[in-house]
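Residues per chain are reported as follows:
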Amino acid sequence: MNTASNLHLYERKGAYLPRVAAVHDLCGYGKCSLGVAIPVLSAAGIDVCPVPTSLFSAHTRFPKFYMHDTTPMLGEYLDAWREEGIDLDGVYSGFLGSAEQVDAILRLYREYPRALRIVDPVMGDGGSKYPTYTDEMCEATKGLVDGADVLTPNLTEASIITGIPYEGQDVDEAYVRRMADALLEMGAKSVVLKGVVHAGESVIRNYVAVAGGDGMVEEVSGELLPYMLHGTGDLFASGLTAAIYTGRDLRSSVEFASSLVRHAMQITPAQPDYEVRGVSFESVLGDVTALLA
């Protein structure tokens, strides 16, 4: 039976640096997306190849931000990669600027069929879509589920994808299994369902399910800190990707990502305006580098 504990998605070989396309937005101010993915993956010895889906002056938690949609440039951007003969070992996608950008990711899948597909379907949280996401974008994002080697939705995003009603973060394991089964039936090869929190507990639970696992979900739990921070989802997915490309199995990768986020959150309150700026991960990049030891 397949389990997260025996699923190794990438075998690291010698001094070779795996090349991963990071398909995310870039924010000038605030902690998220490419601003997180590039340093975290680089610290794990990954050659990060950014594909910027949009440019923001600051992330969307700020009351005032400027957004530039990069959709018109992506075709020629990827044409140039092909003309240069660039190869990829993975495609790690997150926040998108338009529904049409799903086609750019699907193009990468076609042109790099051996690349791992790690999909963080960034669409919303707390039962609501993010302000720049439309119903059309959410519908298009569903097209990334089929064939995803790892899909990392929170409960809101899983609800949007599957159509199963969102019931908050305090849900039982039967609900988690129902959600995970639905995502696997849509074609995901493995699912990491994030952010289950039971009332009165100081524990946050993530659940991992793998195709061929006979409906079993594996729980990975950790300490729930008494505050929320922007960018923790991006840090989790980037930490997970980093661990996978250092040869860790899926469960160990989820455990590492959870620990990395918790460590970064613990030191973040020492920074000014942290409630809005988001999670300060810079001082814990040594945790990522240690994966190479």
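Residues numbered from 1 in each chain as written. Predicted model: local features only at pLDDT ≥ 70, side-chain atom pairs only at ≥ 80, totals over all residues. Heavy atoms only, no water.

Describing the pairing of strand β9 (residues 190-196)
If a strand is regular, its side chains alternate between the two faces of the sheet. Most of β9 sits inside the fold, with 7 of its 7 residues counted as buried. Sheet analysis places β9 next to strand β10 (residues 203-210), joined by 5 bridges and oriented antiparallel. If you follow V192 over to β10, its bridge partner there is V208. Here β9 folds back onto β10, and the loop between the two strands holds 6 residues, one of which, G200, carries a positive phi near 85°. (Buried < 20%, exposed > 50% of the residue type's maximum accessible area, 1.4 Å probe, protein only. Helix = DSSP H or I, 4+ residues; strand = E, 2+ residues; numbered from the N terminus. Pairing = 2+ DSSP bridges.)

So, the UniProt feature "domain: Pyridoxamine kinase/Phosphomethylpyrimidine kinase" (unreviewed entry) in the protein chain
Within this structure's numbering, the places UniProt gives as "domain: Pyridoxamine kinase/Phosphomethylpyrimidine kinase" (unreviewed entry) are residues 73-266. Structurally, residues 73-266 comprises 42% helix and 18% strand, and the distance from its first C-alpha atom to its last is 39 Å. (UniProt positions renumbered as here; feature names shortened; annotations may be inferred.)

Structural notes on unusual backbone geometry
Across residues other than glycine, the phi torsion is negative in most instances, and most of the peptide bonds are trans. The backbone phi angle of S33 is positive, close to 55°, even though this residue is not glycine. Topologically, S33 is positioned in the loop between β1 (19-27) and α1 (34-43). Relative accessible area serves as the criterion here: at 4%, S33 is assigned to the buried category. In this model, D273 sits at a positive phi of 55°, which is unusual for a non-glycine residue. Positionally, D273 belongs in the loop between α8 (250-267) and α9 (274-277). Its relative accessible area of 54% is what places D273 among the exposed residues.

Digging into the packing of helix α5 (residues 155-162) against helix α6 (residues 173-185)
At a minimum axis distance of 10 Å, the contact between α5 and α6 shows a crossing angle of 50°. Relative to α6, α5 is oriented oblique. The crossing of α5 and α6 is left-handed. Residues L155, A158, S159, I161 and T162 of α5 form the contact with α6, whose participating residues are Y175, M179, A182 and L183. A class-by-class count of the residues in the contact of α5 with α6 yields 7 nonpolar, 2 polar and no charged. (Axes fitted to C-alpha atoms, helices over the stretch in contact; angles between N-to-C directions. Parallel < 35°, antiparallel > 145°, perpendicular 65-115°, else oblique. Left-handed = near helix turned anticlockwise from the far one by under 90°. Contact = heavy atoms within 4.5 Å. Nonpolar A, V, L, I, M, F, W, Y, C, P; charged D, E, K, R; others polar.)

Quick word on a negative patch on the surface
On the surface, D69, E100, D103 and E136 cluster together to form a negatively charged patch. Using a relative accessible area of 52% as the deciding quantity, one classes E136 as exposed. (Patch = residues over 30% accessible without salt bridge, like charges linked within 9 Å, V, L, I, M, F, W, Y side chains within 5 Å. Areas by Shrake-Rupley, 256 points an atom, 1.4 Å probe, with all protein chains shown as cover. Salt bridge = Lys/Arg side-chain N within 4 Å of Asp/Glu carboxyl O. Lys, Arg positive; Asp, Glu negative; His and termini not counted. Charge placed at Lys NZ, Arg CZ, Asp CG, Glu CD.)

Thoughts on the packing of aromatic side chains
All told, the structure shown has 7 aromatic pairs when counted by the stated rule. Consider the rings of Y29 and F62, whose centres lie 5.6 Å apart with planes at 55°: the pair is tilted. Taken as a pair, Y29 in the loop between β1 and α1 and F62 in the loop between β2 (47-56) and β3 (67-69) lie far apart in primary sequence, 33 residues in all. Its relative accessible area of 17% is what places F62 among the buried residues. Where F56 meets F65, the ring centres are 5.8 Å apart and the plane angle is 50°; that geometry is what we call tilted. A residue is classified by how much of its surface remains accessible, and F56, at 6% relative accessible area, is buried. A residue is classified by how much of its surface remains accessible, and F65, at 26% relative accessible area, is partly exposed. (Phe/Tyr/Trp six-rings, centres within 6.5 Å; stacked < 30°, edge-to-face > 60°.)

A word on the environment of M123
When you line up the elements, M123 lands in the loop between β5 (116-119) and β6 (124-125). Each C-alpha atom, one on M123 and one on G94, is 8.9 Å from the other, the two residues being 29 residues apart in sequence.

Thoughts on the nonpolar core
Counting 51 residues, the largest nonpolar core has W81, L88, V91 and L108 as its most contacted members. Broken down by element, this core gets its largest block of residues, 7 residues, from α6. Contact partners of V91, with chain neighbours within four places excluded, come to V20, A21, V23, I105, L108, Y109, A115, L116, R117 and I118. By size, the runner-up hydrophobic cluster in this structure holds 45 residues, among which are A22, V192, V208 and A237. (Core = buried A, V, L, I, M, F, W, Y, C linked by side-chain atoms within 4.5 Å.)

Comments concerning the packing of α1 against helix α7 (residues 232-244)
The geometry of α1 relative to α7 is characterised by a closest axis approach of 9 Å and an angle of 25° between their N-to-C directions. Taken together, α1 and α7 sit at an angle that is classed as roughly parallel. Note that α1 runs across α7; the crossing there is right-handed. Here V36, A37, V40 and L41 of α1 come into contact with α7, specifically with D234, L235, S238, G239, T241 and A242.

Digging into α8
End to end, α8 covers 26 Å across 18 residues, agreeing with the expected 26 Å (1.5 Å per residue, within 8%). For α8, the full list of buried residues reads L250, S253, V254, F256, A257, S258, L260, V261, A264 and M265. Along its buried surface, α8 packs onto β8 (150-151), β9, β10, β11 (218-223), α7 and α10 (285-289). Among the residues of α8, the N-terminal cap falls to D249, whose side-chain oxygen and the backbone nitrogen of R251 are separated by 3.1 Å. (Expected span 1.5 Å × (residues − 1). Polar contact = N/O pair within 3.5 Å; in protein donor to acceptor, adjacent residues only side chain to side chain.)

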